[in-house]
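Okay, here's what each chain looks like letter by letter:
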Amino acid sequence: MNFLGSHILSISQFDKNDVKELFRVADEMQPYAQREKHTRVLDGAILGNLFFEPSTRTRVSFGCAFNLLGGQVRETTDIKASAITKGESLYDTARVISGYSDVIAMRHPVAGSVEEFSRASRVPVINAGDGPSEHPSQALLDLYTIKKELNIEDDFDGIRIAMVGDLKYGRTVHSLCKLLNLYSNITFTLISPNELKMPEEIVEELRKSGHEVIETEDMESGLENNDTVYLTRIQEERFEDRNEADIYRGRFRLNQSIYTSHCKPNTVIMHPLPRDSRAEANELDNDLNQHPNLAIFRQTDNGVLIRMALFVLTLGVQDKVHESSVEVKWYTEKRFK
Ligand code: NCD
């Protein structure tokens, strides 16, 4: 893919070389994300951060990534406070906001809406989650985390991953499956209630590419022998009747004792967050908070690097980042410990 000026809407746009290039640029962003250095390469540029659905880390990390490159951020976070509630179309919103921005990150509850918006936009649009469909930047930061946690160079062939929870509505696992599909011989163990299974077309695609896909409701056996276990929250906001989500909440949980009894040592524990920490859910227990293989906060940190790399590549400044860089003057020693 030619990143320059492109919308980033789906993982289907990426091939292995694109992923490699993105991860190379993400690595280069490390001194800026860690505040050892400061760059002004996007001085004068504006990110339109349009979030028509709740978000903490995706919205803030897109904003921080842009700020760390020297650009400024304009946010619309509440659909009720935007002209969409006056009946404005996505087309008009896109024409307007893209006139005020140099790149847009957008989240919306309807599948396909970000793509529709991008067709009217005058600047690149990055999909920050469109309903249950896709969340490409999350999948990229997840794979980048897997790479770092498992010490993988570029070749994810042969890894074994368990995905647990709401695989029907979870857009992060949809995008992650599509991304892993670029590699060979992956074993996917998909652990979910029968009613919340991974969409059939994604499973078929994986099997067609020769991956092994095991679908099960038995968490204990499903956890055996993986390199990574990726937990997800029941996506209650996607259910027509929210009470239905109560049936599934808390059905699959990972805690210290289950991890010790069923996961092979060093299995990396991931979750896109937010984890649902209410007692009735608690899919990833706080008793694992100090576990060295709990990668969830390294995932969120990696999100900044990946989003910086996406901005650098879509705005074509990959060769100019370091030119505009200076040492920071404030105290940073304790960061990222
Ligand atoms: C996820 C999302 O919004 O899809 N969160 C995120 O962006 N890290 C997962 C979720 O909400 O459960």
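Above this text is the structure in question.
Note that the coordinates shown come from a computational prediction; the quantities given were computed from them, not determined experimentally.

What to know about the site of the ligand
Now for step 1: Within the structure, the ligand sits among Arg57, Thr58, Arg107, His135, Gln138, Arg171, Thr172, Arg233, Gln235, Pro272, Leu273 and Pro274.
Now for step 2: Take Gln138: an N or O atom from its side chain is 3.1 Å from a nitrogen atom of the ligand.
Now for step 3: Interatomic distance of 2.7 Å between a side-chain N/O atom of Arg171 and an oxygen atom of the ligand.
Now for step 4: If the ligand stood free it would expose 320 Å²; the protein chains cover 94% of that surface.

Digging into empty space enclosed by the protein
Now for step 1: All told, the structure shown has two cavities of 30 Å³ or more when counted by the stated rule.
Now for step 2: In this structure, the largest cavity spans a volume of roughly 60 Å³.
Now for step 3: For the largest cavity, the full set of lining residues is Gly165, Thr232, Arg233, Ile234, Tyr248, Arg249, Gly250, Arg251, Phe252 and Glu283.
Now for step 4: Residue classes in the lining of the largest cavity are distributed as three nonpolar, three polar and four charged.
Now for step 5: Size it by volume and the second largest cavity reaches roughly 50 Å³.
Now for step 6: Taken together, Arg57, Ser61, Gln138, Leu141, Pro272, Gln299, Thr300 and Arg307 make up the lining of the second largest cavity.
Now for step 7: Class assignment of the residues belonging to the lining of the second largest cavity gives a composition of two nonpolar, four polar and two charged.
Now for step 8: Both domains that furnish three or more residues to the lining of the second largest cavity are identified here as domain 1 (11-134 + 302-336) and domain 2 (136-297).

With respect to the side chain of Lys147
Now for step 1: Along the polypeptide, Lys147 turns up in helix 6 (residues 136-149).
Now for step 2: Buried and unpaired, Lys147 has Asp154 as its nearest opposite-charge partner, separated by 4.3 Å.
Now for step 3: Excluding residues within four positions of it along the chain, Lys147 makes contact with Phe23, Ile152, Glu153, Asp154 and Phe156.

So, unusual backbone geometry
Only a minority of non-glycine residues have a phi that is not negative, and only a minority of peptide bonds are not trans.
Now for step 1: For the bond from Leu273 to Pro274, the omega torsion is 5°, close enough to zero to count as cis.
Now for step 2: Mapped onto the elements, Pro274 comes out in the loop between strand 10 (268-270) and helix 12 (296-314).
Now for step 3: One non-glycine residue, Asn151, lies in positive phi territory at about 55°.
Now for step 4: In this structure, Asn151 sits in the loop between helix 6 and strand 6 (160-164).
Now for step 5: Tracing the backbone shows Leu273 in the loop between strand 10 and helix 12.

Scoring rules and cut-offs
Residues numbered from 1 in each chain as written. Predicted model: local features only at pLDDT ≥ 70, side-chain atom pairs only at ≥ 80, totals over all residues. Heavy atoms only, no water. Near = heavy atom within 4 Å. Polar contact = N/O pair within 3.5 Å; in protein donor to acceptor, adjacent residues only side chain to side chain. Areas by Shrake-Rupley, 256 points an atom, 1.4 Å probe, with all protein chains shown as cover. 1 Å grid on protein atoms, 1.4 Å probe; cavity = no way out; pocket = protein on both sides within 12 Å on 5 of 7 lines; lining within 4 Å. Points joined across faces, edges and corners; volume = space filled by probe spheres on them. Nonpolar A, V, L, I, M, F, W, Y, C, P; charged D, E, K, R; others polar. Domains from an automatic or database assignment. Helix = DSSP H or I, 4+ residues; strand = E, 2+ residues; numbered from the N terminus. Buried < 20%, exposed > 50% of the residue type's maximum accessible area, 1.4 Å probe, protein only. Lys, Arg positive; Asp, Glu negative; His and termini not counted. Salt bridge = Lys/Arg side-chain N within 4 Å of Asp/Glu carboxyl O. Contact = heavy atoms within 4.5 Å.

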